[in-house]
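# Summary of the model geometry
Here is what each chain is made of, one letter per residue.
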Amino acid sequence: VTASTLPTEALFSTTDQGVYGVYSFAVKDSKIYVGDAVDYSSNGKVYIYSLTGTLKKSYTVGVIPTGFYFN
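Note that this is a predicted model, so its numbers are computed, not measured.

### Let's talk about the environment of Asp-16
Within the secondary structure layout, Asp-16 lies in the segment before strand 1 (22-28). The exposure class of Asp-16 is exposed, given its relative accessible area of 75%. Expressed as a C-alpha distance, the spacing of Asp-16 and Gly-67, which sit 51 residues apart in the sequence, is 22 Å.

Laid out in structure tokens, this is it:
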């Protein structure tokens, strides 16, 4: 794979987690963070994947997780 070639298959899918819609996304320290706003009025979810697309952890968070802050 070269820098000018895009993958032809998705790295991972959020379908198994029932993600309503990806509302936030970040990559940090070899982890992919995905925020799901669920129904925009209930607590949201955050899913953490490895760079190979394996779900590592999930958390229930506050309403509409709009981004990630790394300290």
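That was the structure; now back to the text.
### Here we look at the nonpolar core
Of all hydrophobic cores here, the largest spans 5 residues; its members are Val-19, Ile-32, Val-34, Tyr-47 and Tyr-49. The contacts of Tyr-47, once residues within four sequence positions are left out, are Gln-17, Val-19, Ile-32, Tyr-33, Val-34, Asp-36, Leu-55, Lys-57 and Ser-58.

### Focus: a nonpolar patch on the surface
Where nonpolar side chains cluster on the molecular surface, the patch consists of Val-22, Phe-25, Val-27 and Leu-51 and spans about 390 Å² of accessible area. As for its placement among the helices and strands, Val-22 is situated in strand 1. You can call Val-22 partly exposed: its relative accessible area is 48%.

### Comments concerning the packing of aromatic side chains
Aromatic ring pairs are described here by two measures, namely the spacing of the ring centres and the angle between the planes. By the definition in use, this model includes 5 aromatic pairs. Measuring from centroid to centroid gives 4.2 Å for Phe-12 and Tyr-49, while their planes differ by 25°, and the two rings are stacked. Of this pair, Phe-12 sits in the segment before strand 1 while Tyr-49 sits in strand 3 (residues 43-50), and the two are 37 residues apart along the sequence. Accessibility expressed as a relative area gives 1% for Tyr-49, which makes it buried. Measuring from centroid to centroid gives 5.1 Å for Tyr-33 and Phe-70, while their planes differ by 65°, and the two rings are edge-to-face. Taken together, the residues span a long stretch of sequence, with Tyr-33 in strand 2 (residues 31-36) and Phe-70 in the segment after strand 4 (55-63) at a distance of 37 residues. Exposure remark for Tyr-33: the relative accessible area of 13% places this residue in the buried category. A relative accessible area of 32% places Phe-70 in the partly exposed class.

### Regarding unusual backbone geometry
Unusually for a residue other than glycine, Asp-29 sits at a positive phi of about 50°. By the element assignment, Asp-29 lies in the loop between strand 1 and strand 2. Residue class for Asp-29 comes out exposed when judged on its relative accessible area of 58%. If you check the backbone angles, Ser-30 has positive phi at about 65° while not being a glycine.

About the cut-offs
Every chain begins its residue count from 1, and numbering advances along the sequence as written. Since the coordinates come from a predicted model, pLDDT governs what is reported: local features require at least 70, and pairs of side-chain atoms require 80 or more to be given and counted, while whole-chain, interface and lining totals use all residues. Computation of side-chain values: all heavy atoms of the structure, hydrogens and water removed. Under the DSSP-based scheme used, a helix requires at least four consecutive residues in state H or I and a strand at least two consecutive residues in state E, with every element numbered from the N terminus. When accessible area is computed with a 1.4 Å probe and restricted to protein chains, residues below 20% of their type maximum are described as buried, those above 50% as exposed, and intermediate ones as partly exposed. The nonpolar core is taken to be a set of buried Ala, Val, Leu, Ile, Met, Phe, Trp, Tyr and Cys residues, with the residues joined through side-chain atoms within 4.5 Å. What makes two residues a contact is simply this: any of their non-hydrogen atoms within 4.5 Å. Like-charged residues are merged into a patch within 9 Å and nonpolar side chains (Val, Leu, Ile, Met, Phe, Trp, Tyr) within 5 Å, provided each residue has over 30% relative accessible area and no salt bridge. All accessible-area figures derive from a Shrake-Rupley calculation using a 1.4 Å probe, and residue coverage is judged against the displayed protein chains alone. By salt bridge we mean one thing: a side-chain nitrogen of Lys or Arg within 4 Å of a carboxyl oxygen of Asp or Glu. Pairing of aromatic rings covers Phe, Tyr and the six-membered ring of Trp, with a centre-to-centre limit of 6.5 Å; geometry is then stacked below 30 degrees between planes, edge-to-face above 60, and tilted otherwise.

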